[in-house]
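# Remarks on the overall topology
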Amino acid sequence: MGRSLFIQQIIDSAKLKQRSIVLPEGNDERVREAANTINQEGIATITLLGSEQAITEAFSSKGWSLEGITVIDPETSGKLQEYADAFYELRKAKGIKPEQALEAVKQANYFGMMIVQAGEADGLVSGAVHSTADTVRPALQIIKAAKRGATVSSFFLECVNDVPYIFSDCGLVEDPDADQLSQIAVQSANSAIQFGIPPMTAMLSYSTYGSASSPLVEKVQEATKLAKQRVADECPGKGIIVDGELQLDAAIVPEVAAKKAPESPLGGEARVLIFPDLNAGNISYKIVERMAGAEAFGPLLQGLNKPVNDLSRGCSVEDIVGVAAITVLQAF
Ligand SMILES: CC(C)(COP(=O)(O)OP(=O)(O)OC[C@H]1O[C@@H](n2cnc3c(N)ncnc32)[C@H](O)[C@@H]1OP(=O)(O)O)[C@@H](O)C(=O)NCCC(=O)NCCS
Ligand SMILES: CC(=O)OP(=O)(O)O
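Residue numbers restart at each chain and count upward from 1, following the sequence in its written direction. Lettering of chains starts at A and numbering of ligands starts at 1, both following the order in which they are written. Only residues with pLDDT of 70 or above have their local features reported here, since the model is predicted, and side-chain atom pairs are shown and tallied only from 80 upward, although totals for entire chains, interfaces and linings are computed over all residues. As a convention, hydrogens and water are excluded, and side-chain values are obtained from all of the structure's heavy atoms.

## As for the layout of surface pockets
Convention followed: Only protein atoms enter the 1 Å grid, on which a cavity is a set of points fitting a 1.4 Å probe that cannot get out and a pocket is an open set with protein on both sides within 12 Å along at least 5 of 7 lines, lining residues being those with an atom within 4 Å of a point. Grid points are joined across faces, edges and corners, and a volume is the space filled by probe spheres set on the points. Helix and strand definitions follow DSSP, with helices as H or I runs of at least four residues and strands as E runs of at least two, each counted in order from the N terminus. Each residue gets one of three labels, nonpolar for Ala, Val, Leu, Ile, Met, Phe, Trp, Tyr, Cys and Pro, charged for Asp, Glu, Lys and Arg, and polar for the others, Gly among them.
In this structure, the largest pocket occupies an estimated 560 Å³ of space. Going through the elements one at a time, α8 (178–194), α9 (215–234) and β10 (295–302) are the ones with two or more residues in the lining of the largest pocket. With six residues, the single largest contributor to the lining of the largest pocket is α8. Considering only residue class, the lining of the largest pocket consists of nine nonpolar, ten polar and four charged.

## Thoughts on the UniProt feature "domain: Phosphate acetyl/butaryl transferase" (unreviewed entry) in the chain
Definition in use: UniProt positions are given in the numbering used here, feature names are shortened, and annotations may be inferred rather than shown by experiment.
UniProt's entry tags residues 6–328 with the feature "domain: Phosphate acetyl/butaryl transferase" (unreviewed entry), counted in the numbering of this structure. The span residues 6–328 is 48% helical and 17% strand by assignment, and the distance between its end C-alpha atoms comes to 15 Å.

## Focus: the environment of Gly-237
Take Gly-237: it is sitting in the loop between α9 and β8 (241–246). Sequence-wise, Gly-237 and Ile-283 are 46 residues apart; in three dimensions their C-alpha atoms are separated by 33 Å.

## Considering empty space enclosed by the protein
In the structure shown here, the tally under the stated rule is one cavity of 30 Å³ or more. Approximately 60 Å³ is the volume attributed to the largest cavity. Forming the boundary of the largest cavity are 13 residues, of which Ala-296, Gly-298, Ser-312, Cys-315 and Asp-319 lie nearest the centre. Listed by contribution, the elements that provide at least two residues to the lining of the largest cavity are α12 (278–292), β10 and α13 (317–330).

## Thoughts on the site of ligand 2
As a reminder of what qualifies: Put simply, a residue is near a molecule or strand once any heavy atom of it comes within 4 Å of that molecule or strand. Here a polar contact is recorded for every N or O atom pair within 3.5 Å, except that within protein the pair must consist of a potential hydrogen donor and a potential acceptor, and residues adjacent in sequence are included only if both atoms are side-chain atoms. We get accessible surface area from the Shrake-Rupley algorithm with a probe of 1.4 Å; when it comes to residues, only the shown protein chains can shield them.
Every residue near ligand 2 is listed here: Thr-132, Phe-156, Asn-282, Tyr-285, Lys-286, Pro-299, Ser-312 and Arg-313. Contact distances for ligand 2 include 3.0 Å between an oxygen atom and a side-chain N or O atom of Asn-282. Contact distances for ligand 2 include 2.9 Å between an oxygen atom and a side-chain N or O atom of Lys-286. Across the complex, the protein chains shield 86% of the 260 Å² of accessible surface that ligand 2 would expose by itself. For the shell around ligand 2, the leading source of residues is α12, giving three residues.

## Quick look at the pattern of salt bridges
Let me state the cut-off plainly: Whenever Lys or Arg places a side-chain nitrogen within 4 Å of a carboxyl oxygen from Asp or Glu, that contact is recorded as a salt bridge. The buried label applies to any residue whose accessible area, calculated with a 1.4 Å probe on protein chains only, is under 20% of its type's maximum; exposed applies above 50%, and partly exposed to all values in between.
Under the definition given, this model contains 16 salt bridges. Put simply, Asp-179 and Arg-230 hold a salt bridge, and the shortest N to O gap is 2.8 Å. Of this pair, Asp-179 sits in helix α8 while Arg-230 sits in helix α9, and the two are 51 residues apart along the sequence. When its relative accessible area of 33% is taken as the criterion, Asp-179 is described as partly exposed. For Arg-230, a relative accessible area of 17% corresponds to the buried category. Note that Lys-228 is salt-bridged to Asp-243, the shortest N-O span being 3.8 Å. With Lys-228 in helix α9 and Asp-243 in strand β8, the pair connects residues that are 15 residues apart, well separated along the chain. Its relative accessible area of 2% is what places Asp-243 among the buried residues. Bridged by salt links that share partners, the residues Arg-3, Glu-41 and Glu-318 form one connected network.

Here is the structure:
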């Protein structure tokens, strides 16, 4: 499948921005191929972590050039002790010992986060091999939430027939309460704006405007109220519209919206879809990707100090290239 116009535009913008990205999973074949594509197309400057010998041999066997790519093996890097000391400082209040800090930064994701934290690269993309928890945990510990006490969440950029949507949260916050769900909605609406997607935000449920009632529905109703208040308090004037609770058809099909929710300001044109929990979000993004053939980029983290993004272990080379370009655009 070729690239959609949407992701090609992101890639073209990334090329103009000239940022550096760490790919910690250089021992994976897809990541190496993505690194080569990113390097050859000039999308970002790449630091690839892994065994120098294995990476050099793999590139040479494919006839690819490593010129422009920095390869670092965390285990033998001269930076190891410096990063261990810095990680120890970050986590000592949590009871970590210096020797545990050293063991931690030998792991590719921790080492890569330390590169970004030190300002030696602009962002990081991992998760082709690591689980989401093993990618996100070091990000939370090292890069940290931009606002103390705020919830970091994730979104997917899902491109369906060349129309981009935001799906959230499909990767991180398992069972958000109403307040967390309202934070996810507002973060996602702002992420939509960043990528030129209309911030028409639907708080999804199995109920539309009280057509069903249960604690599950009440949570989404409460989150909708809180999200509207957050928009008014935190980001007025940005054109963010939040509405709910809505079923998916009432959120994205104007004819159904006209029947089920005729007063909805979204009018069936939602482009930011907020799922009530991680079961719903993760299953939905994969259904649209795998059954409708959509491009799905993410999980993209929102609310961190610096851009770190995750991948599905089922990702393709083009998914990694796309997420790297998105990471470049999120960088300062
Ligand atoms: C991301 C995840 C690993 C965090 O789990 P956790 O058990 O809270 O991790 P930790 O306790 O080690 O948290 C690390 C730190 O981040 C903080 N933290 C955890 N989740 C956070 C969030 N959503 N926002 C902000 N901070 C968060 C913790 O409070 C902790 O802070 P501290 O140690 O500095 O006090 C967990 O939410 C998770 O597993 N989510 C589901 C991932 C998944 O399987 N997705 C499906 C496939 S995409
Ligand atoms: C996002 C996601 O579901 O990740 P994975 O497929 O790696 O579990």
